[in-house]
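# Structural characterization, general
The lines below spell out each chain.
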Amino acid sequence: MASDYVWRGQTQSEHQSSTQVGMEVNHGKISAGAWAATLGTDSAAEVDLYLNFKQQISQSDYFLNFSITDYTYTQTTNLNTIEYAVKLESPYGSLLIGQTPDYFGTESSSTYVNYSHGLKLTESGTSLNFSVGNTQYGDKDKFTVNENGYTDYKVSIVKEKDNISIEMFYTDTDLDDNTAPAEKLDDAVVGGSITISL
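Just so we're clear, the structure is a prediction, and the values are computed from it rather than from any experiment.

For the rest of this paragraph, the subject is the overall build of the chain. Tallying secondary structure elements over the chain gives zero helices and 13 strands in all. Starting at the N terminus and ending at the C terminus, the chain contains elements arranged as β-β-β-β-β-β-β-β-β-β-β-β-β. The C-alpha atoms of the chain give a radius of gyration of 17 Å, which matches the 16 Å a tight globule of 198 residues would have. Here the chain holds 198 residues, and 32% of them are scored as buried. In the chain, 37% of the contacts between residues at least 6 apart in sequence involve partners at least 24 apart. Mean positive and mean negative side-chain charge positions of the chain (11 and 27 charges, respectively) differ by 10 Å.

Printed below as a string of structure tokens:
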């Protein structure tokens, strides 16, 4: 459960609370899963299916992940999107590069780059996490506003105990308030979530 479902700096649930559920199966280096979230107050939902392959690099603390994610929307199927991504995990943080052939029905490709890192604050499971990402569009002519893409960033404090994780976060973007659509003006979000793993 999250107070606001924020994806790459922008609310997906109209700044409403979002119920989220997921499941994953693992076999060796391969994992597959499904994840779903409610979107706002009109009974809309997002359902994601993903497949991931994780490979350790030469007995080191570095890992490469190759993944494909299918984003499906129950009420706006024209937004359905597939993303291919590669992520490098290291003791110094994670670097992700994602590519979509058709960015949520815009008929333009997109590239997303994100760096994230977490710092352990206590031995009892409290950490400080931050990330910064950038979205660029392949065909800028398909966009009437913010055609040059945007940068998102997030800072959070996470407390984990047993099978429960509690997060408090702040996230925002550099989208131009003078040109962005009205519903995207308020990208700054202070929120929280609680996750229970079974």
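Right, let's get into the pairing of strand 9 (residues 110-120). Strand residues, when the strand is regular, have side chains that alternate between the two faces of the sheet. Where strand 8 (residues 93-100) meets strand 9, seven bridges bridge the pair, whose relative direction is antiparallel. Paired with Leu-95 across the two strands is Tyr-115, which belongs to strand 9. Bridging between strand 9 and strand 10 (residues 126-137) involves eleven bridges; their strand directions are antiparallel. Directly across from His-117, in strand 10, lies its bridge partner Phe-130.

Below, the discussion takes up the packing of aromatic side chains. Under the defined criterion, the tally for this structure stands at ten aromatic pairs. Arranged with centres 5.7 Å apart and planes meeting at 70 degrees, the rings of Trp-7 and Tyr-71 form a pair that is edge-to-face. With Trp-7 in strand 1 (residues 6-7) and Tyr-71 in strand 6 (residues 63-73), the pair connects residues that are 64 residues apart, well separated along the chain. On the accessibility criterion, Trp-7 (18% relative accessible area) is buried. Here Tyr-71 falls in the buried class, since its relative accessible area comes to 7%. Ring geometry for Tyr-73 against Phe-104: centres 6.2 Å apart, planes inclined by 65 degrees, an arrangement best described as edge-to-face.

The rules we used
- Residues numbered from 1 in each chain as written.
- Predicted model: local features only at pLDDT ≥ 70, side-chain atom pairs only at ≥ 80, totals over all residues.
- Heavy atoms only, no water.
- Helix = DSSP H or I, 4+ residues; strand = E, 2+ residues; numbered from the N terminus.
- Rg over C-alpha atoms; globule rule 2.2 N^0.38 Å.
- Buried < 20%, exposed > 50% of the residue type's maximum accessible area, 1.4 Å probe, protein only.
- Contact = heavy atoms within 4.5 Å.
- Lys, Arg positive; Asp, Glu negative; His and termini not counted.
- Charge placed at Lys NZ, Arg CZ, Asp CG, Glu CD.
- Pairing = 2+ DSSP bridges.
- Phe/Tyr/Trp six-rings, centres within 6.5 Å; stacked < 30°, edge-to-face > 60°.

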